[in-house]
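Structural features, examined
Here is what each chain is made of, one letter per residue.
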Amino acid sequence: MARKADVREKIFVLDTSVILFDHNAIRSFEEHNVAIPIHVLEELDNFKKGNDTIHFEAREFIRTFDKVAKSDLINDWIPLNGATSGKIKVVHDNHEKRVNAEHIFGDRKYDHKILNAALSLQTEFPKKKIILVTKDICLRLKAKALNLYAEDYETGKIKDLQHLYTGKTAIENVEESLIDDLFKDKSFPITSIEVNDVHDNQYFILKNRKKSALAYYNPLTKEVEHVHKKAVSGIQPRNAEQTFSIHALLNPNIKLVTLQGIAGTGKTLLALAAALEQRKNYRQIFVTRPIVPLSNKDIGYLPGDVKSKLDPYMEPLWDNLKFIKGLFRTNEKQYKKFDEMLENEKIAIAPLSFIRGRSLSHVYFIVDEAQNLTPHEIKTIISRAGDETKIVFTGDVNQIDTPYLDAQSNGLSYLIDKIKSNPLFAHITLEKGERSELANLASEIL
């Protein structure tokens, strides 16, 4: 039998992880009340100093909450957005509870104090539904084990990840004359082929019984045009997906590109090769990636100077550059040009935190492992793009290394879903591994 809908009034209790993910989270619960455990404020105080995004989120929440509170006491319910909105207050463990999380799980963690604050509300308001909202999966499980409702913060999550935009569509039984036209570099209207929900810069594999062609929808001409197979910096595309990727990376009208796919599909290599191919068109090439330290410890735990600390995180980027460089002989002009570009900082490889504050005008900007960024971090990077700048995000949405992010809530998935219909944007999901037969075997079987 179907369960009856729970129509009780709700109070949402926010964990620190939610606020560090989105400092505006308190405004996401419509008419329902929001409670902030006092221990969350203490944790935010510890996070407010620093240059990373979580430090920014902590500072912005503190300012936002201060504006909401004005001269009111925040241990009483105060309106969030006017008479029609919910209210907010700071809560702490000052009510007798049926269970004590600190007695069960230990008293050394703020998480357990936050659980106790939520349990206190449950005792104080027995007729209301108290829900702990946290990005921490283990904390949600602990809450449920104590008979306390808990859920993830859903704002910004991609609901239907299985149907995330891939940027490419295969179409069967296309008229042979249309394919012939493409090979003659003639275009045709999108209405000539049977396709639903066409997006700007969408790519197509058009097939007839004996013929096939690669094409894309040009939003400027409103026509389907041929995509030619082209090598970049000595890298030859090995499949249709890589051909589409190179086309998007070289197209000057496309200012934002996302390449998503499993390891070994060539995402970072193609992005870097395309950047080197167009080096004369840009003042500088930035290649970066977010640092996700081992065991979530800061890089300060590592020995050595700054360069020594960062090299392990940047090594995959250097490997791709060395691979491209190795395609040329040592006496070739192209080989020597790579060394000159590094010496003159025409190519700069650095962690994302080192890029902040720098100008992004006339820059080819590659962000690797973008699945480890939050939606806010993605927005911050794009919003700083200047004139004639191109930004490329690469990553695998199923390989998240950052705590509190998953395939549905990370910045790369969010970007692909939200901006897929913009003429400045192109996306390709690469599925076929091209690293080696052994790597493909591991991906397919293990």
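Whatever comes next refers back to the structure up there.
Below you will find a few notes about this structure. Everything quoted here is computed from the prediction, not taken from an experiment. (Residues numbered from 1 in each chain as written. Predicted model: local features only at pLDDT ≥ 70, side-chain atom pairs only at ≥ 80, totals over all residues. Heavy atoms only, no water.)

1. Examining the overall build of the protein chain
A tally of helices and strands in the protein chain yields 15 helices and 17 strands. In the protein chain, which comprises 446 residues, the proportion classed as buried is 49%. Look at the contacts in the protein chain between residues 6 or more apart in sequence, and 69% of them connect residues 24 or more apart. Within the structure as shown, the protein chain displays about 23,400 Å² of accessible surface, and the carbon and sulfur contribution to it stands at 49%. (Helix = DSSP H or I, 4+ residues; strand = E, 2+ residues; numbered from the N terminus. Buried < 20%, exposed > 50% of the residue type's maximum accessible area, 1.4 Å probe, protein only. Contact = heavy atoms within 4.5 Å. Areas by Shrake-Rupley, 256 points an atom, 1.4 Å probe, with all protein chains shown as cover.)

2. Looking at the nonpolar core
Core analysis: the biggest nonpolar cluster contains 45 residues, and Leu-14, Ile-36, Ile-88 and Leu-132 have the highest contact counts within it. Ranked by residue count, the leading element in this core is helix H5 (residues 110-124), at 6 residues. Excluding residues within four positions of it along the chain, Ile-88 makes contact with Ile-26, Val-34, Ile-36, Phe-65, Val-68, Asp-76, Trp-77, Ile-78 and Leu-80. Counting 40 residues, the second largest nonpolar core, distinct from the first, contains Ile-235, Leu-272, Ile-349 and Ile-428. (Core = buried A, V, L, I, M, F, W, Y, C linked by side-chain atoms within 4.5 Å.)

3. A closer look at the sheet that holds strand S17 (residues 425-430)
Here we have 6 strands laid out as an open sheet, ordered S14-S13-S15-S16-S12-S17, and parallel in their pairing. Looking at which strands have only one partner, the edges of the open sheet turn out to be strand S14 (347-349) and S17. Averaged over neighbouring strand pairs, the angle between their axes works out to 15 degrees when direction is ignored. The sheet contact formed by strand S15 (residues 363-367) and strand S16 (residues 390-395) spans 4 bridges and is parallel. The residue bridging Ile-366 from the neighbouring strand is Val-392, located in S16. Helix H13 (residues 375-383) rests against strand S12 (256-261), S15 and S16 of the sheet, and its axis sits at about 155 degrees to S16. Sheet contacts for helix H14 (residues 411-418): S12, S16 and S17; angle to S12, the most-contacted strand, approximately 120 degrees. (Pairing = 2+ DSSP bridges. Axes fitted to C-alpha atoms, helices over the stretch in contact; angles between N-to-C directions.)

4. Quick word on the environment of Gln-408
Mapped onto the elements of the fold, Gln-408 is located in the loop between S16 and H14. For the pair Gln-408 and Leu-164, spaced 244 residues apart in sequence, the C-alpha separation works out to 9.8 Å.

5. Considering the sheet that holds strand S7 (residues 168-171)
Spatially, the 5 strands line up as an open sheet ordered S7-S9-S10-S11-S8, and their pairing is mixed. At either margin of the open sheet sits one strand with a lone partner, and together these are S7 and strand S8 (188-189). Pairing geometry for S8 and strand S11 (residues 223-226), over 2 bridges, is antiparallel. Counted as the bridge partner of Pro-189 is Glu-223 from S11. Seen against the sheet, helix H7 (residues 176-183) touches S8, strand S9 (203-207), strand S10 (212-218) and S11 and runs at an angle of roughly 75 degrees to S10.

6. Structural notes on the packing of helix H2 (residues 38-47) against H5
One can describe the packing of H2 onto H5 by two numbers: an axis separation of 8 Å at closest approach and a directional angle of 150 degrees. With respect to H5, the element H2 is oriented roughly antiparallel. For the pair H2 and H5, contact is made by His-39, Val-40, Glu-42 and Glu-43 and by Tyr-110, Lys-113 and Ile-114, respectively. Of the residues belonging to the contact of H2 with H5, the class tally is 3 nonpolar, 1 polar and 3 charged. (Parallel < 35°, antiparallel > 145°, perpendicular 65-115°, else oblique. Nonpolar A, V, L, I, M, F, W, Y, C, P; charged D, E, K, R; others polar.)

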